[in-house]
Amino acid sequence: MATAAITPELLNWQVVQEQGWNGILIGNGASRAVWHNFAYGSLLEKAKSHEIAHPLAAADLQVFSGLETENFERVLAALATAVLVNKSYGANTEFLTAKYNAVRNALVEAVHAVHVPWALVSEDIRIGIRTELLKYRFVYSTNYDLLVYWAIMEGGAEGFKDYFWNAGMFSLSNTEVWGKPTTVLYLHGGLHLTKLVTGQTMKRTAGLMNLLDSFGTDPEGATPLFISEGSSDDKRRSIYNSDYLAFAYNEFSHHEGPLVIFGHSLGTGDGHLISAIRQQSTKRIAISIMPGEEHQIVEAKAHYIHYLPEFELFFFDAGTHPLGSPTLHIPEA
(Lines give C-alpha, C1' and ligand atoms only; values in the text may rest on other atoms or scores of the structure.)
Protein backbone atom coordinates (compact mmCIF):
# COMPACT_ATOMS: atom_id res chain seq x y z
CA MET A 1 0.00 0.00 0.00
CA ALA A 2 1.11 3.59 -0.65
CA THR A 3 2.46 5.23 2.46
CA ALA A 4 1.62 8.82 1.57
CA ALA A 5 -0.99 10.31 3.91
CA ILE A 6 -3.85 12.16 2.26
CA THR A 7 -3.22 15.60 3.70
CA PRO A 8 -3.02 18.97 1.94
CA GLU A 9 0.68 19.39 2.75
CA LEU A 10 3.22 19.25 -0.07
CA LEU A 11 6.92 18.59 0.31
CA ASN A 12 9.64 20.87 -0.99
CA TRP A 13 11.57 19.36 -3.89
CA GLN A 14 14.85 20.18 -2.13
CA VAL A 15 13.88 17.66 0.53
CA VAL A 16 12.52 15.04 -1.86
CA GLN A 17 15.51 15.10 -4.20
CA GLU A 18 17.75 13.80 -1.42
CA GLN A 19 16.04 10.42 -1.86
CA GLY A 20 17.79 10.04 -5.22
CA TRP A 21 15.93 9.66 -8.53
CA ASN A 22 17.24 8.24 -11.77
CA GLY A 23 14.23 8.71 -14.07
CA ILE A 24 11.68 11.40 -14.85
CA LEU A 25 8.37 11.32 -16.74
CA ILE A 26 7.48 14.75 -18.10
CA GLY A 27 3.93 15.77 -18.95
CA ASN A 28 2.10 18.80 -20.31
CA GLY A 29 2.40 20.63 -17.00
CA ALA A 30 6.12 21.07 -17.66
CA SER A 31 5.40 22.77 -20.99
CA ARG A 32 2.66 24.91 -19.46
CA ALA A 33 5.13 26.11 -16.83
CA VAL A 34 7.10 27.66 -19.70
CA TRP A 35 4.35 28.77 -22.08
CA HIS A 36 0.74 29.22 -20.93
CA ASN A 37 -0.72 28.61 -24.39
CA PHE A 38 0.25 24.93 -24.07
CA ALA A 39 -2.77 24.74 -21.76
CA TYR A 40 -5.10 24.42 -24.79
CA GLY A 41 -7.83 21.83 -24.42
CA SER A 42 -7.45 19.90 -27.67
CA LEU A 43 -5.36 20.24 -30.81
CA LEU A 44 -8.24 18.78 -32.83
CA GLU A 45 -10.62 21.40 -31.41
CA LYS A 46 -8.12 24.09 -32.36
CA ALA A 47 -7.78 22.65 -35.89
CA LYS A 48 -11.54 22.76 -36.54
CA SER A 49 -12.05 26.21 -35.05
CA HIS A 50 -11.95 29.54 -36.82
CA GLU A 51 -8.93 30.50 -34.72
CA ILE A 52 -6.84 29.21 -37.65
CA ALA A 53 -6.99 30.31 -41.29
CA HIS A 54 -7.88 26.94 -42.81
CA PRO A 55 -9.85 24.81 -40.33
CA LEU A 56 -10.86 21.22 -40.92
CA ALA A 57 -13.99 20.72 -43.03
CA ALA A 58 -16.95 18.61 -41.92
CA ALA A 59 -15.88 15.83 -44.29
CA ASP A 60 -12.40 15.81 -42.73
CA LEU A 61 -13.91 15.39 -39.28
CA GLN A 62 -15.91 12.42 -40.57
CA VAL A 63 -12.60 10.64 -41.22
CA PHE A 64 -11.54 11.19 -37.61
CA SER A 65 -14.93 9.89 -36.48
CA GLY A 66 -14.83 6.90 -38.81
CA LEU A 67 -11.40 5.90 -37.57
CA GLU A 68 -12.51 6.52 -33.99
CA THR A 69 -9.48 8.64 -33.29
CA GLU A 70 -8.43 12.15 -32.34
CA ASN A 71 -4.85 11.57 -33.48
CA PHE A 72 -3.79 13.37 -36.64
CA GLU A 73 -1.03 10.83 -37.24
CA ARG A 74 -3.54 8.02 -37.78
CA VAL A 75 -5.77 10.08 -40.09
CA LEU A 76 -2.85 11.33 -42.20
CA ALA A 77 -1.43 7.80 -42.41
CA ALA A 78 -4.81 6.49 -43.57
CA LEU A 79 -5.10 9.19 -46.24
CA ALA A 80 -1.54 8.57 -47.40
CA THR A 81 -2.31 4.85 -47.71
CA ALA A 82 -5.50 5.63 -49.66
CA VAL A 83 -3.51 7.76 -52.10
CA LEU A 84 -0.94 5.00 -52.55
CA VAL A 85 -3.59 2.32 -53.16
CA ASN A 86 -5.54 4.42 -55.64
CA LYS A 87 -2.37 5.40 -57.48
CA SER A 88 -1.37 1.73 -57.72
CA TYR A 89 -4.67 0.89 -59.42
CA GLY A 90 -4.45 3.85 -61.76
CA ALA A 91 -7.31 5.70 -60.08
CA ASN A 92 -7.40 9.47 -59.82
CA THR A 93 -5.79 10.61 -56.55
CA GLU A 94 -6.24 14.37 -56.82
CA PHE A 95 -9.11 14.53 -54.34
CA LEU A 96 -7.44 12.33 -51.73
CA THR A 97 -4.15 14.20 -52.12
CA ALA A 98 -5.99 17.49 -51.64
CA LYS A 99 -7.68 16.16 -48.48
CA TYR A 100 -4.35 14.89 -47.14
CA ASN A 101 -2.88 18.36 -47.67
CA ALA A 102 -5.91 20.04 -46.09
CA VAL A 103 -5.71 17.94 -42.92
CA ARG A 104 -1.94 18.41 -42.71
CA ASN A 105 -2.24 22.18 -43.21
CA ALA A 106 -4.90 22.43 -40.49
CA LEU A 107 -2.60 20.52 -38.17
CA VAL A 108 0.34 22.80 -38.98
CA GLU A 109 -1.76 25.91 -38.33
CA ALA A 110 -3.11 24.48 -35.07
CA VAL A 111 0.38 23.62 -33.86
CA HIS A 112 1.64 27.11 -34.64
CA ALA A 113 -1.37 28.59 -32.85
CA VAL A 114 -0.38 26.96 -29.55
CA HIS A 115 3.40 26.50 -29.77
CA VAL A 116 5.84 29.00 -28.35
CA PRO A 117 8.09 30.56 -31.05
CA TRP A 118 11.79 29.76 -30.91
CA ALA A 119 12.63 33.46 -30.58
CA LEU A 120 10.86 33.65 -27.21
CA VAL A 121 12.64 30.66 -25.67
CA SER A 122 15.80 32.30 -24.37
CA GLU A 123 19.14 30.57 -24.00
CA ASP A 124 18.75 30.76 -20.22
CA ILE A 125 15.47 28.83 -20.42
CA ARG A 126 16.93 26.17 -22.70
CA ILE A 127 19.98 25.78 -20.48
CA GLY A 128 17.80 25.66 -17.37
CA ILE A 129 15.75 22.77 -18.73
CA ARG A 130 18.83 21.03 -20.12
CA THR A 131 20.72 21.27 -16.84
CA GLU A 132 17.87 19.68 -14.91
CA LEU A 133 17.35 16.84 -17.38
CA LEU A 134 21.03 15.92 -17.20
CA LYS A 135 20.53 15.01 -13.54
CA TYR A 136 18.53 11.94 -14.59
CA ARG A 137 19.69 8.74 -16.24
CA PHE A 138 16.39 8.37 -18.10
CA VAL A 139 14.04 11.05 -19.42
CA TYR A 140 10.59 10.08 -20.70
CA SER A 141 8.41 12.75 -22.24
CA THR A 142 4.80 12.54 -23.43
CA ASN A 143 4.93 16.10 -24.75
CA TYR A 144 5.03 16.44 -28.52
CA ASP A 145 6.25 20.05 -28.42
CA LEU A 146 9.86 21.05 -29.06
CA LEU A 147 10.88 22.38 -25.64
CA VAL A 148 12.71 19.25 -24.49
CA TYR A 149 14.37 18.79 -27.88
CA TRP A 150 15.45 22.43 -28.06
CA ALA A 151 16.90 22.20 -24.53
CA ILE A 152 18.80 19.00 -25.27
CA MET A 153 20.28 20.40 -28.49
CA GLU A 154 21.40 23.61 -26.74
CA GLY A 155 24.70 21.88 -25.98
CA GLY A 156 24.85 19.97 -29.23
CA ALA A 157 23.15 17.01 -27.48
CA GLU A 158 26.31 16.35 -25.47
CA GLY A 159 25.47 14.07 -22.56
CA PHE A 160 22.20 12.87 -24.16
CA LYS A 161 21.24 9.93 -26.38
CA ASP A 162 17.91 9.65 -28.19
CA TYR A 163 18.28 6.48 -30.34
CA PHE A 164 18.46 8.43 -33.60
CA TRP A 165 22.18 8.01 -34.15
CA ASN A 166 21.82 6.18 -37.49
CA ALA A 167 21.92 9.26 -39.73
CA GLY A 168 18.80 10.54 -38.00
CA MET A 169 16.95 7.24 -38.37
CA PHE A 170 15.70 4.92 -35.65
CA SER A 171 16.69 1.27 -36.00
CA LEU A 172 15.48 -1.55 -33.78
CA SER A 173 18.68 -3.41 -34.60
CA ASN A 174 20.87 -0.66 -33.13
CA THR A 175 19.55 0.45 -29.73
CA GLU A 176 22.44 -0.37 -27.41
CA VAL A 177 23.52 2.64 -25.35
CA TRP A 178 27.20 2.88 -24.42
CA GLY A 179 28.44 4.68 -21.33
CA LYS A 180 26.05 6.45 -18.99
CA PRO A 181 24.44 9.30 -20.90
CA THR A 182 20.97 10.63 -20.19
CA THR A 183 18.75 8.64 -22.54
CA VAL A 184 15.67 10.44 -23.85
CA LEU A 185 12.50 8.77 -25.13
CA TYR A 186 9.49 10.58 -26.57
CA LEU A 187 6.66 8.24 -25.54
CA HIS A 188 4.07 10.03 -27.68
CA GLY A 189 6.40 11.14 -30.47
CA GLY A 190 7.23 14.75 -31.23
CA LEU A 191 7.08 17.54 -33.79
CA HIS A 192 10.65 16.71 -34.77
CA LEU A 193 9.81 13.08 -35.60
CA THR A 194 8.43 11.77 -38.89
CA LYS A 195 7.13 8.38 -39.99
CA LEU A 196 8.21 7.60 -43.54
CA VAL A 197 6.22 5.54 -46.05
CA THR A 198 8.64 2.69 -45.33
CA GLY A 199 7.42 2.66 -41.73
CA GLN A 200 10.77 3.93 -40.43
CA THR A 201 10.98 6.79 -37.97
CA MET A 202 13.19 9.76 -38.84
CA LYS A 203 14.31 12.73 -36.78
CA ARG A 204 13.97 15.95 -38.74
CA THR A 205 17.27 17.81 -39.00
CA ALA A 206 16.19 21.36 -39.86
CA GLY A 207 18.05 24.05 -37.94
CA LEU A 208 16.72 24.48 -34.41
CA MET A 209 15.49 28.00 -35.13
CA ASN A 210 13.60 26.77 -38.21
CA LEU A 211 12.36 23.43 -36.88
CA LEU A 212 8.90 24.68 -35.96
CA ASP A 213 8.52 26.59 -39.23
CA SER A 214 9.51 23.52 -41.25
CA PHE A 215 6.95 21.31 -39.53
CA GLY A 216 4.64 19.76 -42.12
CA THR A 217 7.13 19.91 -45.00
CA ASP A 218 8.07 16.23 -44.86
CA PRO A 219 8.51 14.01 -47.94
CA GLU A 220 5.42 12.83 -49.83
CA GLY A 221 3.53 10.18 -47.92
CA ALA A 222 5.39 10.86 -44.66
CA THR A 223 3.36 11.71 -41.58
CA PRO A 224 4.23 13.60 -38.39
CA LEU A 225 4.81 11.13 -35.58
CA PHE A 226 3.12 12.39 -32.45
CA ILE A 227 0.08 11.54 -30.37
CA SER A 228 -1.63 14.69 -29.20
CA GLU A 229 -4.76 13.35 -27.56
CA GLY A 230 -7.38 10.61 -27.60
CA SER A 231 -8.36 7.70 -25.40
CA SER A 232 -5.80 5.37 -23.89
CA ASP A 233 -6.79 2.62 -26.33
CA ASP A 234 -6.44 5.03 -29.25
CA LYS A 235 -3.00 6.05 -28.06
CA ARG A 236 -2.01 2.43 -27.55
CA ARG A 237 -2.99 1.59 -31.16
CA SER A 238 -0.87 4.44 -32.46
CA ILE A 239 2.04 3.37 -30.27
CA TYR A 240 2.03 -0.21 -31.53
CA ASN A 241 1.76 1.01 -35.11
CA SER A 242 5.21 2.59 -34.84
CA ASP A 243 8.49 0.78 -34.31
CA TYR A 244 9.95 3.72 -32.39
CA LEU A 245 6.94 4.40 -30.17
CA ALA A 246 6.54 0.69 -29.38
CA PHE A 247 10.21 0.53 -28.43
CA ALA A 248 9.95 3.66 -26.27
CA TYR A 249 6.87 2.34 -24.48
CA ASN A 250 8.55 -1.00 -23.81
CA GLU A 251 11.61 0.75 -22.39
CA PHE A 252 9.42 2.83 -20.10
CA SER A 253 7.55 -0.29 -18.95
CA HIS A 254 10.87 -1.82 -17.94
CA HIS A 255 12.33 1.27 -16.29
CA GLU A 256 14.39 0.41 -13.23
CA GLY A 257 14.92 2.88 -10.42
CA PRO A 258 12.94 5.53 -8.55
CA LEU A 259 10.87 7.73 -10.85
CA VAL A 260 9.82 11.40 -10.76
CA ILE A 261 6.54 12.33 -12.43
CA PHE A 262 6.45 16.02 -13.25
CA GLY A 263 3.52 17.85 -14.77
CA HIS A 264 1.56 14.70 -15.56
CA SER A 265 -1.99 14.13 -14.31
CA LEU A 266 -2.20 10.46 -15.39
CA GLY A 267 -5.77 11.13 -16.43
CA THR A 268 -8.44 9.09 -18.17
CA GLY A 269 -6.49 8.99 -21.43
CA ASP A 270 -3.33 7.69 -19.77
CA GLY A 271 -4.26 4.14 -18.85
CA HIS A 272 -1.42 2.82 -20.99
CA LEU A 273 1.06 4.88 -18.97
CA ILE A 274 -0.38 3.74 -15.65
CA SER A 275 -0.12 0.15 -16.86
CA ALA A 276 3.52 0.69 -17.83
CA ILE A 277 4.37 2.28 -14.47
CA ARG A 278 2.79 -0.62 -12.61
CA GLN A 279 5.13 -3.00 -14.43
CA GLN A 280 8.22 -1.19 -13.19
CA SER A 281 10.24 -2.97 -10.53
CA THR A 282 11.12 0.00 -8.31
CA LYS A 283 8.10 1.08 -6.27
CA ARG A 284 9.16 4.61 -5.29
CA ILE A 285 7.74 7.65 -7.08
CA ALA A 286 7.86 11.41 -6.50
CA ILE A 287 4.90 13.30 -7.98
CA SER A 288 4.54 17.02 -8.55
CA ILE A 289 1.30 18.76 -7.59
CA MET A 290 0.43 22.39 -8.17
CA PRO A 291 -0.34 24.19 -4.90
CA GLY A 292 -3.93 25.35 -4.55
CA GLU A 293 -7.02 24.85 -2.44
CA GLU A 294 -6.60 22.17 0.22
CA HIS A 295 -9.39 20.01 -1.18
CA GLN A 296 -7.79 20.13 -4.63
CA ILE A 297 -4.48 18.87 -3.28
CA VAL A 298 -6.17 16.11 -1.30
CA GLU A 299 -8.17 15.04 -4.37
CA ALA A 300 -5.03 15.00 -6.51
CA LYS A 301 -3.20 12.84 -3.99
CA ALA A 302 -6.15 10.46 -3.74
CA HIS A 303 -6.18 10.16 -7.53
CA TYR A 304 -2.54 9.04 -7.71
CA ILE A 305 -2.85 6.76 -4.68
CA HIS A 306 -5.87 5.09 -6.29
CA TYR A 307 -4.00 4.26 -9.49
CA LEU A 308 -0.64 3.47 -7.86
CA PRO A 309 -1.60 1.81 -4.55
CA GLU A 310 1.46 -0.40 -4.32
CA PHE A 311 3.94 2.46 -4.61
CA GLU A 312 5.64 4.62 -2.01
CA LEU A 313 4.62 8.10 -3.11
CA PHE A 314 6.21 11.45 -2.31
CA PHE A 315 4.10 14.49 -3.23
CA PHE A 316 5.96 17.76 -3.75
CA ASP A 317 5.15 21.34 -4.71
CA ALA A 318 5.66 21.65 -8.48
CA GLY A 319 6.87 25.22 -8.08
CA THR A 320 9.85 24.12 -5.99
CA HIS A 321 11.19 21.87 -8.76
CA PRO A 322 13.60 23.40 -11.34
CA LEU A 323 11.22 22.51 -14.18
CA GLY A 324 8.48 24.47 -12.45
CA SER A 325 10.65 27.46 -11.62
CA PRO A 326 9.20 30.90 -12.44
CA THR A 327 12.52 31.69 -14.15
CA LEU A 328 11.48 29.39 -17.03
CA HIS A 329 8.13 31.10 -17.58
CA ILE A 330 7.69 33.20 -20.70
CA PRO A 331 5.18 36.02 -20.11
CA GLU A 332 2.44 36.48 -22.69
CA ALA A 333 2.96 39.35 -25.07
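This text follows the structure it describes.
No experiment lies behind these values; they were computed from the predicted model shown.

Participant: Could you give an account of the sheet that holds strand β5 (residues 189-195), naming the residues involved and the relevant values?
Facilitator: With antiparallel pairing, the three strands of this open sheet are ordered in space as β6-β5-β7. Each edge of the open sheet carries a strand with a single partner, namely β6 (201-203) and β7 (223-226). Neighbour to neighbour, the strand axes of the sheet diverge by 50 degrees on average, direction disregarded. Across three bridges, the pairing between β5 and β7 is antiparallel. Within β7, the residue paired with Lys-195 across the bridge is Thr-223. Strand contacts of helix α5 (residues 72-88): β5 and β7, with the helix running at about 155 degrees to β7, the strand carrying the most contacts.

Participant: Summarise the sheet that holds strand β4 (residues 182-186); cite the residues concerned and give the values.
Facilitator: Across the sheet, seven strands lie side by side as β3-β4-β2-β1-β8-β9-β10; this open sheet has parallel pairing. With partners counted over all chains shown, the strands left at the sheet margins are β3 (160-161) and β10 (312-317), one partner each. Bridge analysis of strand β9 (residues 284-289) against β10 gives six bridges, and the strand direction is parallel. What sits directly across from Ile-289, in β10, is Asp-317. Contacting β9 and β10, helix α12 (residues 294-307) runs over the sheet at an angle of about 150 degrees to β9.

Participant: Can you explain the pattern of salt bridges? Please cite residues and give values.
Facilitator: Inspection of the entire model under this criterion finds nine salt bridges. One salt bridge connects Glu-51 with Lys-46, and the closest N-O pair in it is separated by 2.8 Å. Among the residues examined, Glu-51 registers a relative accessible area of 59% and is labelled exposed. What makes Lys-46 buried here is its relative accessible area of 16%. A salt bridge links Asp-162 to Lys-203; the shortest N-O distance between them is 2.8 Å. You can see Asp-162 sitting in the loop between β3 and β4 and its partner Lys-203 sitting in strand β6, a full 41 residues away along the chain.

Participant: Quick one: what's the story with the packing of α5 against helix α6 (residues 94-114), residue by residue and with numbers?
Facilitator: For the pair α5 and α6, interaxial distance at closest approach is 9 Å and the crossing angle is 160 degrees. It follows from the interaxial angle that α5 and α6 lie roughly antiparallel. Between α5 and α6 lies a crossing of left-handed hand. The segment α5 lies against α6, with Phe-72, Val-75, Leu-76, Leu-79, Ala-80, Ala-82, Val-83 and Asn-86 engaging Leu-96, Thr-97, Lys-99, Tyr-100, Val-103, Arg-104 and Leu-107. Residue composition of the contact of α5 with α6, grouped by class: eleven nonpolar, two polar and two charged.

Participant: Can you break down the pairing of β9 residue by residue, with the values?
Facilitator: Counting buried positions along β9 yields six of six residues, so the element is predominantly enclosed. Burial along β9 is two-sided: Arg-284, Ala-286 and Ser-288 facing one way and Ile-285, Ile-287 and Ile-289 facing the other are all buried. Pairing of strand β8 (residues 259-262) with β9, which is carried by three bridges, proceeds in the parallel orientation. Bridge pairing links Leu-259 to Ile-285 in β9. For the segment spanning β8, helix α11 (residues 271-279) and β9, crossover handedness is right-handed. In this fold, the crossover linking β9 to β10 by way of α12 has right-handed handedness.

Procedures and definitions
- Residues numbered from 1 in each chain as written.
- Predicted model: local features only at pLDDT ≥ 70, side-chain atom pairs only at ≥ 80, totals over all residues.
- Heavy atoms only, no water.
- Pairing = 2+ DSSP bridges.
- Helix = DSSP H or I, 4+ residues; strand = E, 2+ residues; numbered from the N terminus.
- Axes fitted to C-alpha atoms, helices over the stretch in contact; angles between N-to-C directions.
- Contact = heavy atoms within 4.5 Å.
- Salt bridge = Lys/Arg side-chain N within 4 Å of Asp/Glu carboxyl O.
- Buried < 20%, exposed > 50% of the residue type's maximum accessible area, 1.4 Å probe, protein only.
- Parallel < 35°, antiparallel > 145°, perpendicular 65-115°, else oblique.
- Left-handed = near helix turned anticlockwise from the far one by under 90°.
- Nonpolar A, V, L, I, M, F, W, Y, C, P; charged D, E, K, R; others polar.
- Right-handed = clockwise from strand over helix to strand, strands pointing away.

Honestly, that's just the spatial picture; any functional story needs more than this.
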